[in-house]
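Listed here are the chains, written in short residue letters.
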Amino acid sequence: MARNTNPGNALAGFSGKLNGVVIKQYKGMTVMAALPRKSKKKPTAKKRAVNELWQVATLYAKTVVKNPDWKLAVAIALKIEQGKVYTTLISDFMKNNGDVDKILQIPAAPAL
């Protein structure tokens, strides 16, 4: 893996795939690494269950974030920035294994 901390570098600020190499920004450095290889193993039943739970969690979080009233209501109720609502909802959903009774309840939108 190649690293470059020189901001004058031609690749500074660039990220993406380039000829089988991934270029990314990490802790103020430009990092070049090989493309990750896809596993040839079939996922286990447990891994498939986690993947399905993750899909439901992202759908749930995206639905909340798309509605500005819900997003604002969640941010106010949890006392967090609006930019952190998506990750907070996914984190909570995954910690509670999608149990509807335990996940954060979306409060009613505040009257402005």
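Quick summary incoming for the structure in this document. (Residues numbered from 1 in each chain as written. Predicted model: local features only at pLDDT ≥ 70, side-chain atom pairs only at ≥ 80, totals over all residues. Heavy atoms only, no water.)

**What to know about unusual backbone geometry**
Now for step 1: A positive phi is found at N19, a non-glycine position, where the angle reads about 50 degrees.
Now for step 2: Residue N19 is classed as exposed on the basis of its relative accessible area of 77%.
Now for step 3: Even without being a glycine, N97 presents a positive backbone phi close to 50 degrees.
Now for step 4: As for its position among the elements, N97 is in the segment after α3 (85-95).
Now for step 5: We classify N97 as exposed; its relative accessible area is 59%. (Buried < 20%, exposed > 50% of the residue type's maximum accessible area, 1.4 Å probe, protein only. Helix = DSSP H or I, 4+ residues; strand = E, 2+ residues; numbered from the N terminus.)

**A word on helix α2 (residues 68-78)**
Now for step 1: The set of residues buried in α2 consists of K71, A73, V74 and A75.
Now for step 2: Of the surrounding secondary structure, the elements contacted by the buried residues of α2 are α1 (45-66) and α3.
Now for step 3: A side-chain oxygen of the first residue of α2 lies 3.0 Å from the backbone nitrogen of D69; this N-cap is N67.
Now for step 4: Immediately beyond the C-terminal end of α2, within one or two residues, lies K79, with a positive phi of roughly 55 degrees. (Contact = heavy atoms within 4.5 Å. Polar contact = N/O pair within 3.5 Å; in protein donor to acceptor, adjacent residues only side chain to side chain.)

**Some words on the pairing of strand β4 (residues 29-34)**
Now for step 1: With 6 bridges joining them, strand β3 (residues 21-26) and β4 adopt antiparallel strand pairing. Its bridge partner lying in β4, K24 is registered against V31.
Now for step 2: Once β3 ends, the chain turns through 2 residues before running back antiparallel as β4, passing K27 with a positive phi of about 50 degrees. (Pairing = 2+ DSSP bridges.)

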